[in-house]
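# Working through the structure, step by step
Residue strings, one per chain:
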Amino acid sequence: MTPSVGVVIPTRNRPKLLRRALSSVRSQNYPGRLRVVVVHDQSEPDYLLATTEGVPVLVAANWRTPGLAGARNTGILALDTDLVAFCDDDDQWAPDKLRHQVAALGDGEFATCAIEVEYNGRHTPRLAGCEAVTVDHLARSRMSMLHSSSFLIRRAALIDSARLSLVAEDAPGSQNEDWDLLLRAARRSPIAHVDQPLVRVLWGRSSHYAYEYATKISSLRWMMARHPEIRGCPPGAARVYGQLACWSAATGNRGAAWRWTREAVRANWREPRAAIALAAMTGTVKVENVLNALHKRGRGI
């Protein structure tokens, strides 16, 4: 029997992008039952989006913790489907996204797919180079191609606190809650991955979190405390320390930037983010300019 799929689209004050995302979800060529929940977070719900025609759409307000994590959990709990998929309001799905992922998931709990990054009119595929993602993969790297808009999860596992459990609402600023969910899922079993770019992810200033450096710092420290696997992987720890150094430099906190740079070099002297942080501290470059250059290549710090 083809499993039913419920799609959670959290949104906040981006009506044009939301309608584009919603259209791509409703255009899936998936043969099973499909429904959508649009969850308005810290914004007035647009009930005109609700419909029972074709793929039904339910519109709801986030009644849990304000932020992305609470909005996703509101949607999960509003559904009664076998599977749950996430789609951010500024992203788009390829028409065969769900069909390929459900086939790859089988009897498993969690599946992802590769992405295509859209930035300033340029499109860059980001592939993982594997068909199964493990804790070791995720401790070594955030694996940004495993974007939340690619997540397909068995709902029974999400609502069971003894299994996967809901999205972590205590993640600072609802950042890195997707990395946390991936690690928790991979601890249970390898994540099935379709290494095709079936999601187009919009990067840039449209993101609510693009330049919230203080929140980025808090969420990374939260991840390190929550997941000892990251600290236990020298390249992975160095990567996070290097990011902390860069974000600290961007906020003008030179003391913290120096401290995290030293930690990054101790863990892995080849860590490139340490060099970026040093250049930012000396005024040679601006972190924003480095981000812009990397985003053009579909990458980030």
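Each remark here, short or long, concerns the structure printed above.
These numbers come from a predicted model, not from an experiment. (Residues numbered from 1 in each chain as written. Predicted model: local features only at pLDDT ≥ 70, side-chain atom pairs only at ≥ 80, totals over all residues. Heavy atoms only, no water.)

Turning our attention to the packing of aromatic side chains. A full pass over the atoms with the stated rule returns 4 aromatic pairs. With centroids separated by 5.5 Å and ring planes inclined at 25 degrees, the aromatic side chains of Tyr213 and Trp247 adopt a geometry described as stacked. You can see Tyr213 sitting in helix H7 (residues 213-226) and its partner Trp247 sitting in helix H9 (residues 234-251), a full 34 residues away along the chain. Judged by relative accessible area, which is 7%, Tyr213 ranks as buried. Ring centres 5.7 Å apart and planes at 15 degrees place the aromatic pair Tyr241 and Trp260 in the stacked group. Pair noted here: Tyr241 is in helix H9 and Trp260 is in helix H10 (residues 254-267), with a separation of 19 residues, a long-range link. (Phe/Tyr/Trp six-rings, centres within 6.5 Å; stacked < 30°, edge-to-face > 60°. Helix = DSSP H or I, 4+ residues; strand = E, 2+ residues; numbered from the N terminus. Buried < 20%, exposed > 50% of the residue type's maximum accessible area, 1.4 Å probe, protein only.)

This part is about the packing of H9 against H10. Two elements in contact, H9 and H10, have axes whose closest approach is 8 Å; the angle formed by their N-to-C orientations is 160 degrees. The pairing of H9 with H10 is recorded here as roughly antiparallel in orientation. Considering only the axes of H9 and H10, their crossing is left-handed. Listed contacts from H10 to Pro234, Ala238, Tyr241, Gly242, Leu244, Ala245, Ser248 and Ala249 of H9 are Ala256, Ala257, Trp260, Thr261, Glu263, Ala264 and Ala267. Partitioning the contact of H9 with H10 into residue classes produces 11 nonpolar, 3 polar and 1 charged. (Axes fitted to C-alpha atoms, helices over the stretch in contact; angles between N-to-C directions. Parallel < 35°, antiparallel > 145°, perpendicular 65-115°, else oblique. Left-handed = near helix turned anticlockwise from the far one by under 90°. Contact = heavy atoms within 4.5 Å. Nonpolar A, V, L, I, M, F, W, Y, C, P; charged D, E, K, R; others polar.)

Excluding glycine, a negative phi dihedral is what most residues carry, and trans is how most peptide bonds are arranged. Even without being glycine, Asn13 reaches a positive phi, approximately 55 degrees. Within the secondary structure, Asn13 is located in the loop between strand E1 (5-11) and helix H1 (15-26). Unlike most non-glycine residues, Asn120 shows phi in positive territory, near 50 degrees. Assignment of secondary structure puts Asn120 in the loop between strand E6 (110-119) and strand E7 (122-126). With a relative accessible area of 61%, Asn120 lands in the exposed category.

This part is about the environment of Asn253. Among the structural elements, Asn253 can be located in the loop between H9 and H10. Linking Asn253 and Met281, residues 28 residues apart in sequence, is a C-alpha distance of 8.9 Å. Among the polar contacts made by the side chain of Asn253, one reaches the main-chain amide nitrogen of Ala256 at a distance of 3.1 Å. (Polar contact = N/O pair within 3.5 Å; in protein donor to acceptor, adjacent residues only side chain to side chain.)

Counted at 1.5 Å a residue, the expected span for H1 with its 12 residues is 16 Å, and the 16 Å between its end C-alpha atoms agrees. When H1 is considered as a whole, its buried residues turn out to be Leu18, Ala21, Leu22, Ser24 and Val25. Along the axis of H1, the buried positions cluster into a sector of 160 degrees, meaning they face one direction only. Looking at the packing, one finds that the buried side of H1 touches E1, strand E2 (34-40), strand E3 (57-61) and strand E5 (91-93). (Expected span 1.5 Å × (residues − 1). Arc of directions from axis to C-beta.)

Here the focus is the layout of surface pockets. Quantified by volume, the largest pocket comes out at close to 1,400 Å³. Lining the largest pocket we find 47 residues, and of these Ser144, His147, Asp178, Trp203 and Lys216 sit closest to its centre. Of all the elements in the fold, those that place two or more residues in the lining of the largest pocket are E1, helix H2 (68-78), helix H6 (177-188), strand E10 (191-202), H7, H9 and helix H12 (287-295). Top contributing element to the lining of the largest pocket by residue count: H9, with 4 residues. Of the residues contributing to the lining of the largest pocket, the split by class is 15 nonpolar, 15 polar and 17 charged. (1 Å grid on protein atoms, 1.4 Å probe; cavity = no way out; pocket = protein on both sides within 12 Å on 5 of 7 lines; lining within 4 Å. Points joined across faces, edges and corners; volume = space filled by probe spheres on them.)

Grouped together as the largest cluster of nonpolar side chains are 96 residues, with contacts concentrated most on Val5, Val7 and Leu138. Tallying contributions element by element places H9 first for this core, with 8 residues. Beyond its immediate stretch of four places on either side in the chain, Val5 contacts Tyr30, Arg33, Leu34, Arg35, Thr81, Leu83, Ala85, Leu98, Val102 and Leu152. (Core = buried A, V, L, I, M, F, W, Y, C linked by side-chain atoms within 4.5 Å.)

Bringing the state of the cysteines into the picture now. Per the counting criterion, the structure on display carries 0 disulfides. No disulfide involves Cys87; its nearest neighbouring cysteine sulfur is the one of Cys113, lying 10 Å away. Sulfur of Cys130: no disulfide; nearest cysteine sulfur belongs to Cys113 and is 12 Å away. (Disulfide = S-S within 2.5 Å.)

Moving on, we get to the environment of Leu220. Tracing the backbone through its elements, the reader meets Leu220 in helix H7. Along the chain, Leu220 and Gln243 lie 23 residues apart, while their C-alpha atoms are 8.5 Å from each other. Not counting the four nearest positions on each side in its chain, Leu220 is found in contact with Asn176, Trp179, Val240, Gln243, Leu244 and Trp247.

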